[in-house]
Amino acid sequence: MKRRTWLIAGAVYWWPASQPTAPPQDGTPTLQGAAAKPGPWGRLDVTTVTISPPMELVGNEWGRSADQGKYWFFPNTAPDAAAASLAAAGLDQGAVAALMATARREPGINGVVITPGADLVRGLAPEVRTKLYVQLAGSALNADQVHAFRYAGVSVEAWFGRSLISPETRRFIEPLVYRHGGHLYFADVELARRQIVDPEERRRLAKTLLRQQTSRVRLSVASLLEVPGLVEYWGRGGRRTDIRPLLESIAAAESDGRIDIVHLLPAFARERLYRYPLLTALDLNRPALANCLWTALNFFSVVPDDRYLDVQASVDHLQRDYYLVENGLELGDVIVLLDEQGVIFHAVVHLADNLVFTKNGTSPMAPWVILPIETVVDYYRLRSEAPRLLYHRR
């Protein structure tokens, strides 16, 4: 048997070259009111809902550094190459010339820094903004583009509809929204700072931009005959005895015979799903805030293990205590996403069909949600266009 080697440098898997791995279930992104593919998990009804953080958790000052947001960075790039990149994004000759007139060489990045004017930025066509901002997101220096707000939706109305922002704010923000893949993006934080001076309106805008979709999932239990198989699937982690009476009661009830799967998840996930981290003074002494690896590796934990806040410790644990599977995923299997260089950039927990339990980012404004794995992959499209997925079982 060919031996596969993991040489870990930070969070790097060195793996034999291959094509990106698709999710074993071959599912498509779950749509509102859709039914998941039946399987050992049973029959699931999936409804898409949108959540956003409570106002008391949203600060008056949000976004990245205001000074940094004023510039576009082109590291390791000569002026001529920077101009060519701008033209390739679709900017006309006049716009390229205006931008390059502000360009200065920056020895610290061996490249060019450009100071775009507000009018030029506001006037970018949506398709130009997409190409340009995706290009800028290739460098961590362009933090506003790298960490752009994003929403998995088909229209701006889906993102901003029924929000608390004023009509004036919405008219200003909407033309700055752009699409990449299956997500809508907003990156022009600096423009928003200049335009919106009322702290309360800024908070309302932040709450709106931080909206995220998640899935509400209900399991149908039509007969007591289905219970043993469902207990076997949903009772992983030593919880079969705990959930059997609940599933039996649902099957015997005179109601619609459905139960939200949140009641079937381990306590760790059940207590966090659809919620936002509530920071305390103790969190100031932790090495990091709750992240995706910490979330994935603590899925079955009664008491969360903070060793998994350390990326190296998490990768060591995956190497030592998990083995790889190719298909037939079970509840609690950990899926890691690797970029083209073999670096882990996200981890999720498989629930059922193509649905996963995930926390997208370390921010306190990032909730724990259920999403189709395809939506998660698209959420991180700026990190990797074709990630490799590896499936781990404890």
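Residues numbered from 1 in each chain as written. Predicted model: local features only at pLDDT ≥ 70, side-chain atom pairs only at ≥ 80, totals over all residues. Heavy atoms only, no water.

*Asks:* Would you take a moment to explain the sheet that holds strand E4 (residues 104-106) for this structure?
*Replies:* Paired through their backbone hydrogen bonds, the strands of a sheet run either parallel or antiparallel. The strand order across the open sheet formed by three strands is E3-E5-E4, and the pairing between neighbours is antiparallel. On the outer flanks of this sheet lie strand E3 (72-74) and E4, each paired with one strand and no other. Taken over all neighbouring pairs, the strand axes of this sheet differ in orientation by 30° on average, direction set aside. Both E4 and strand E5 (residues 111-114) contribute to a ladder of three bridges, which runs antiparallel. Bridge pairing links Arg105 to Val112 in E5. Set on the sheet, helix H1 (residues 79-88) makes contact with E3, E4 and E5; between it and E3 the angle comes to about 120°. (Pairing = 2+ DSSP bridges. Helix = DSSP H or I, 4+ residues; strand = E, 2+ residues; numbered from the N terminus. Axes fitted to C-alpha atoms, helices over the stretch in contact; angles between N-to-C directions. Contact = heavy atoms within 4.5 Å.)

*Asks:* It is not clear to me how the packing of aromatic side chains should be interpreted in this structure. Could you clarify?
*Replies:* Two aromatic rings, taken as a pair, are described by how far apart their centres are and by the angle between their planes. For the structure on display, the rule yields 13 aromatic pairs. For the ring pair Trp72 and Tyr133, a centre distance of 6.4 Å and an interplane angle of 75° mean the geometry is edge-to-face. Note that Trp72 is positioned in strand E3 and Tyr133 in helix H4 (residues 126-136), a separation of 61 residues in sequence. Its relative accessible area of 1% is what places Tyr133 among the buried residues. (Phe/Tyr/Trp six-rings, centres within 6.5 Å; stacked < 30°, edge-to-face > 60°. Buried < 20%, exposed > 50% of the residue type's maximum accessible area, 1.4 Å probe, protein only.)

*Asks:* Mind showing me how you'd approach the environment of Ser220 here?
*Replies:* Along the polypeptide, Ser220 turns up in strand E9 (residues 212-220). The exposure class of Ser220 is buried, given its relative accessible area of 14%. Taking C-alpha positions, Ser220 is 9.0 Å from Asp260, a pair spaced 40 residues apart along the chain. Not counting residues within four places of it along the chain, the set of residues in contact with Ser220 comprises Arg43, Asp45, Glu226, Gly257 and Arg258.

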